[in-house]
Amino acid sequence: AHRGLILNFGAMFAIRRVLISSALLWWSTRVGLAGAENLAAPSRLRSSVLSAQEELPDIEVVGVEAVKDWAGQRLVKGEQSFAASGLPRQPSPDSWAGVVVYQIMTDRFNNGDLSNDLANMPQAQQDAMAGNNWTGVPDWRHGGDLQGIRDRLGYLEDLGVQTLWITPVLMNDGGYHGYCNTDPTTTDPSFGSPEELRDLVADAHRHGITVVLDVVINHICDPATTYASPPEHEPCADRWNDMYWNGTADNTSGVGMNFSSSFFPPFRTTAFFNRCGANNVTDTSGETAAAVFGDFVEGMFDYNTQNQDWQEIFTNLLKYWVAFADVDGLRLDAAKHVTADFVAYLSTELRAYAIKLGKVNFLVIGEEASREESWKALGLGRMMSDPEDPESHGHVPEALTRRMLDLKSTYLANPSFPAPGLTSLYNFNMSGTARDALRCDQETKSIEDYFSSWAREILMAQSVPQKGAAPDAHLWTVVELHDWPRFLGLYPNRTDMLMAAVTWLLTAPGAPILYYGVEQAYNGNCPSQIDISDAIVANSIQAVCEMGAQEKYGSHPDALKRQDMFASGPWLLGSSIEEVDRLARITNATPAVSKPWQVDEMLPRDHAMYRHTRKLVALRRSCPALTSGSIVWHEAQAVDCGFMAYSRLPFGNGSDAAGEVVVLINSRGGGEVLLDALPLNSTVNRADGQWYVNVMNISQRVQAKASGDGSMHLMVSGQVLEAGDIMVLVQEGSHLPFNDTLGIALCKSAELTVQSAEVHSSAALRRAGTLGAWGAILLLSALLLNTFVSAA
């Protein structure tokens, strides 16, 4: 009887696969291989050709006032264009505290539109491809685009993502990463049209996902423009720095510029640039004047961000994308490398403008990668000043104080954020410390130590908390991102280490960033075989691969941090998950649109890493203590990769343990950990005899017991944590029933009480109504069979 039942189930699973595949194939033929998740988006059936390029005013010809008028009028046109689209405005989320962010490197994520692959591809790459010379493939454009992201929004929703951060898609020099911006008024056609960006944002909103657009704010690129004479690099930077601190900026100082005919016309004036020449790596990574006033590299011209005419024009150009595309936030790239007065102006003006559009909690997040925490604090929230009395301040430039006095009435009128600085920034100090400890590069206790450090204290003093949240709950946190080597780079097969790191990321304070592919355990390692027949080319690529062991800043190839995530990509690197790793290859692949995400071999969802990430995302979203609460430490071993235990408490609870989440992590250490009675932090009041349940396995219950001296212990004696194992404990009665689909019991206050395949499939069915009977019948049959099999 059991054999027969198994055989029947096997037949049903086979039929289900056929029905789902047939439905998805039918859908794809109806909508041009877009996949079922994009049926509501009308622009998929439109040409992706860019709208006619608007005429840009030349500031040398018309003057600065005319350019300011143009930028203001253009903003109105953006509002009118959005109104004409018929799309609804998306209000801001009530809070950015604890939201789960997913970062996408646009070119490397998914190719959804083959017609735009050559649109802004550098001529050098086109010539090399024509000559079958693939030496440069690690740093080439690979074809990812906005449509590719749209095609996978259902995948991100399944994972539980709340916010999508996409790397720059505005017009650039053709580099795959998009960070060499050449024109902030339009998009790079290789990524898609402005209308496609707007449709992506609208689609993301339908999936319950907000969108943060990455924009470059410190430089503009043009390789054909040169300086009239070699700048005196350090004296120039020092001169600008003196004026910055004295509040006496002079726009006429510096060498001349030979602007090319291709240079962005509205900015074609020396007054808008610092003109100090190119930095070296030490300049850019340091905290000297050159970090703010020097060019990143030759051809990247550093804006004079103290020039108030430029501030107004540039800010209106960025406001346009809020008006036109309805984005929910802007990520300011290289915020370290601009002046604080501009950060104050840009942040204040963006938030004030967004309020007029109904976005009362617009996010302005800055990439402030300084080593010195005081540099970061200068850009955040209160900006080391009293917002109500800017002349009462710490060690700040006079240029900032004067700008705050100009802006005071505007930012104080903002009910969500009555301060001038960035809404948020990356908590790089905490993130880097945790990453090092979780990779066995320093003691686990260093993570605990951070929370009592001066570095944290100075940031918290400047932070303006989100409503009902701790002051660090909205600061972005990472274990890997596009500028850092993959977490598993030196440990390519240690899924257990990555699972422990993701556990920390998703249970720690802050807004965690999942860098694309972390849920697929990407490791950035090249496959053993490079499938390119030319031995010289293969050897050249192999040399890049071998540099993966060098993780020092500036020596680790960016390409190894940014592998392709689509099957036709030429740069498919490794994973610690076998079924993902076997797809790794480096080859001169033929471009092709990916399969619908539900059946895409690049997106398996049944392996341990994906399931682990998904369940912890769901848990985080269901427990207020995890999204917006404080942290209390119980233990952190003074050894590399040691055991750690901490509690998260809901914000505002004080010492009350109600809603407490206790997390135990064995990151790796010396293998398994045999637990003893765990001393609990005495600052939290717990009832003697309180039972706790492991939400990962609700059959595991442990009790908090008081000792004779009044101390409290969690009685976990005899429990064994293998390397990478975790326990997440909540008070008995504070959790929902175990969710078999997710593999976890969520907190009772769940925003997301059920996050299952059935819920997402129902949404897909509703969208199927526009397709006609046949496709809907196929999918409905598959889903009914799936429900029957699951229930059985």
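Numbers given for residues are sequential positions, taken from 1 along each chain in its written order. Reporting of local features is limited, given that this is a predicted model, to residues whose pLDDT is at least 70; pairs of side-chain atoms are given and counted only at 80 or more, and all residues count toward the totals for whole chains, interfaces and linings. Side-chain numbers come from the whole structure's heavy atoms, not from hydrogens or water.

Things to note about the nonpolar core
Turning to step 1, where the next piece is worked out: To form a nonpolar core, buried Ala, Val, Leu, Ile, Met, Phe, Trp, Tyr and Cys residues must be joined to one another through side-chain atoms within 4.5 Å. Under the scheme applied here, a residue whose accessible area is under 20% of the maximum for its type counts as buried, over 50% as exposed, and between as partly exposed, the area being computed with a 1.4 Å probe on protein chains only. With 164 residues, the main nonpolar core has Tyr102, Leu156, Ile166, Phe267, Phe273, Trp504 and Leu619 as its most contacted residues.
Turning to step 2, where the next piece is worked out: Top element by residues in this core is helix H12 (residues 308-325). It accounts for eleven residues. Strands here are runs of E lasting at least two residues and helices are runs of H or I lasting at least four, both read from the DSSP assignment and numbered beginning at the N terminus.

Some thoughts on the state of the cysteines
Turning to step 1, where the next piece is worked out: The definition used for a disulfide is geometric: two cysteine sulfur atoms within 2.5 Å. This model, assessed by the stated rule, comprises five disulfides.
Turning to step 2, where the next piece is worked out: There is a disulfide in this structure between Cys526 and Cys545, and the S-S distance comes to 2.0 Å. In this structure the cystine formed by Cys526 and Cys545 twists about its S-S bond by roughly -85 degrees; its chirality is therefore left-handed. With Cys526 in the loop between strand S16 (511-515) and helix H20 (535-546) and Cys545 in helix H20, the pair connects residues that are 19 residues apart, well separated along the chain.

Concerning the layout of surface pockets
Turning to step 1, where the next piece is worked out: Buriedness of a pocket was judged along seven lines, with at least five required to meet protein on both sides within 12 Å; pockets are open sets of points on a 1 Å grid over the protein atoms alone, cavities are sets where a 1.4 Å probe fits but cannot get out, and lining residues have an atom within 4 Å of a point. Grid points are joined across faces, edges and corners, and a volume is the space filled by probe spheres set on the points. There is about 1800 Å³ of room inside the largest pocket.
Turning to step 2, where the next piece is worked out: Lining the largest pocket are 49 residues, and of these Asp483, Trp484, Tyr553, Gly554 and Lys561 lie nearest its centre.
Turning to step 3, where the next piece is worked out: Looking at the lining of the largest pocket, the element that brings in the most residues is helix H16 (residues 428-438), giving six residues.
Turning to step 4, where the next piece is worked out: Throughout, the ten residues Ala, Val, Leu, Ile, Met, Phe, Trp, Tyr, Cys and Pro are labelled nonpolar, Asp, Glu, Lys and Arg are labelled charged, and all others, Gly among them, are labelled polar. Looking at the lining of the largest pocket, its residues break down into 17 nonpolar, 16 polar and 16 charged.

Quick word on the packing of aromatic side chains
By convention here, two paired aromatic rings are described through the distance between centres and the angle between planes.
Turning to step 1, where the next piece is worked out: Two rings from Phe, Tyr or Trp (for Trp, the six-membered ring) form a pair when their centres are within 6.5 Å of each other. A pair whose planes differ by under 30 degrees is stacked, one over 60 is edge-to-face, and the rest are tilted. Summed over all chains, the structure comprises 37 aromatic pairs.
Turning to step 2, where the next piece is worked out: Note on Tyr450 and Phe451: the rings are 5.3 Å apart at their centroids and 80 degrees apart in plane angle, and the pair reads as edge-to-face.
Turning to step 3, where the next piece is worked out: For Phe451, a relative accessible area of 13% puts it in the buried group.
Turning to step 4, where the next piece is worked out: Taken together, the ring pairs in this structure connect Tyr227, Phe259, Phe263, Phe264, Phe267, Phe272, Phe273, Phe301, Tyr303, Trp310, Phe314 and Phe342 into an aromatic cluster.
Turning to step 5, where the next piece is worked out: Comment: the charge-over-ring label is applied if NZ (Lys) or CZ (Arg) is within 6 Å of the ring centre and within 35 degrees of the ring normal. The positively charged end of Arg74 is found above the aromatic ring belonging to Tyr320, 3.8 Å away from the centroid.
Turning to step 6, where the next piece is worked out: Here Arg198 stacks its cationic end above the ring of Phe324, 4.4 Å away from the centre of that ring.

Quick word on the sheet that holds strand S2 (residues 163-166)
Turning to step 1, where the next piece is worked out: Here, a strand pair is defined by DSSP locating no fewer than two bridges between the strands. In spatial order, the strands read S14-S11-S10-S5-S2-S1-S16-S15; together these eight strands make up an open sheet with parallel pairing. Of all the strands in the sheet, just strand S14 (424-425) and strand S15 (476-477) have a single pairing partner and so form its edges.
Turning to step 2, where the next piece is worked out: Looking at chain direction, strand S1 (residues 101-104) and S16 are connected through three bridges and run parallel. Of the residues in S16, the one forming a bridge with Tyr102 is Leu514.

Observations regarding the packing of helix H13 (residues 340-356) against helix H15 (residues 398-412)
Turning to step 1, where the next piece is worked out: Working convention: axes come from line fits to C-alpha atoms, limited for helices to the stretch in contact. Angles between N-to-C directions cover 0 to 180 degrees. H15 packs onto H13 with a crossing angle of 10 degrees between their chain directions and a minimal axis gap of 8 Å. Taken together, the axes of H13 and H15 lie roughly parallel to each other. The residues of H15 that touch H13, namely those facing Ala340, Asp341, Ala344, Tyr345, Thr348, Glu349 and Ala352, are Ala399, Leu400, Arg403, Leu407, Thr410 and Tyr411.
Turning to step 2, where the next piece is worked out: Here the contact of H13 with H15 is composed, by residue class, of eight nonpolar, two polar and three charged. Here the angle decides the label: under 35 degrees means roughly parallel, over 145 means roughly antiparallel, 65 to 115 means roughly perpendicular, and every other value means oblique. In what follows, a contact means two residues having at least one pair of non-hydrogen atoms within 4.5 Å.

Here's the deal with the packing of helix H9 (residues 233-246) against H15
Turning to step 1, where the next piece is worked out: It is at 4 Å that the axes of H9 and H15 come closest, and there the two elements cross at 45 degrees. One way to sum up the angle between H9 and H15 is to call them oblique. For the pair H9 and H15, contact is made by Tyr244, Trp245 and Asn246 and by Glu398, Ala399 and Arg402, respectively.
Turning to step 2, where the next piece is worked out: Looking at the contact of H9 with H15, its residues break down into three nonpolar, one polar and two charged.

So, the sheet that holds strand S20 (residues 643-649)
Turning to step 1, where the next piece is worked out: If you trace the eight strands from one edge of the open sheet to the other, you get S19-S20-S21-S28-S24-S25-S26-S23, paired in antiparallel fashion. Since the sheet does not close on itself, it has two edges, and those belong to strand S19 (630-636) and strand S23 (678-679), each with one partner.
Turning to step 2, where the next piece is worked out: Bridge analysis of S20 against strand S21 (residues 661-666) gives six bridges, and the strand direction is antiparallel. Residue Ser647 lies in a different strand from S21, and its bridge partner there is Val662.

Let's talk about the confidence of the model for the protein
Turning to step 1, where the next piece is worked out: As a per-residue measure, pLDDT tells how confident the predictor is, with possible values from 0 to 100. Mean pLDDT over the protein stands at 88; residues scoring 70 or higher make up 88%.
Turning to step 2, where the next piece is worked out: Under a pLDDT of 50 for its full length, residues 1-52 has, in the predicted model, 81 contacts with residues more than four places off or in other chains.
Turning to step 3, where the next piece is worked out: pLDDT under 50 marks residues 751-792. Its contacts with residues more than four places away, or in other chains, come to 71 contacts.

Some details on H12
Turning to step 1, where the next piece is worked out: For a helix, the expected span equals 1.5 Å multiplied by the number of residues minus one. A rise of 1.5 Å per residue sets the reference length of H12, with its 18 residues, at 26 Å; its end C-alpha atoms lie 26 Å apart and thus fit the reference within 8%.
Turning to step 2, where the next piece is worked out: The buried fraction of H12 is high, at 15 of 18 residues.
Turning to step 3, where the next piece is worked out: Sitting at the amino-terminal end of H12 is Asn307, which places a side-chain oxygen 3.0 Å from the backbone nitrogen of Asp309.
Turning to step 4, where the next piece is worked out: Positive backbone phi, approximately 65 degrees, marks Asp326, located one or two places after H12. Within 3.5 Å is the distance limit for a polar contact, defined as a pair of N or O atoms, with the added protein rule that one can donate a hydrogen and the other accept it, and that residues adjacent in sequence qualify only through two side-chain atoms.

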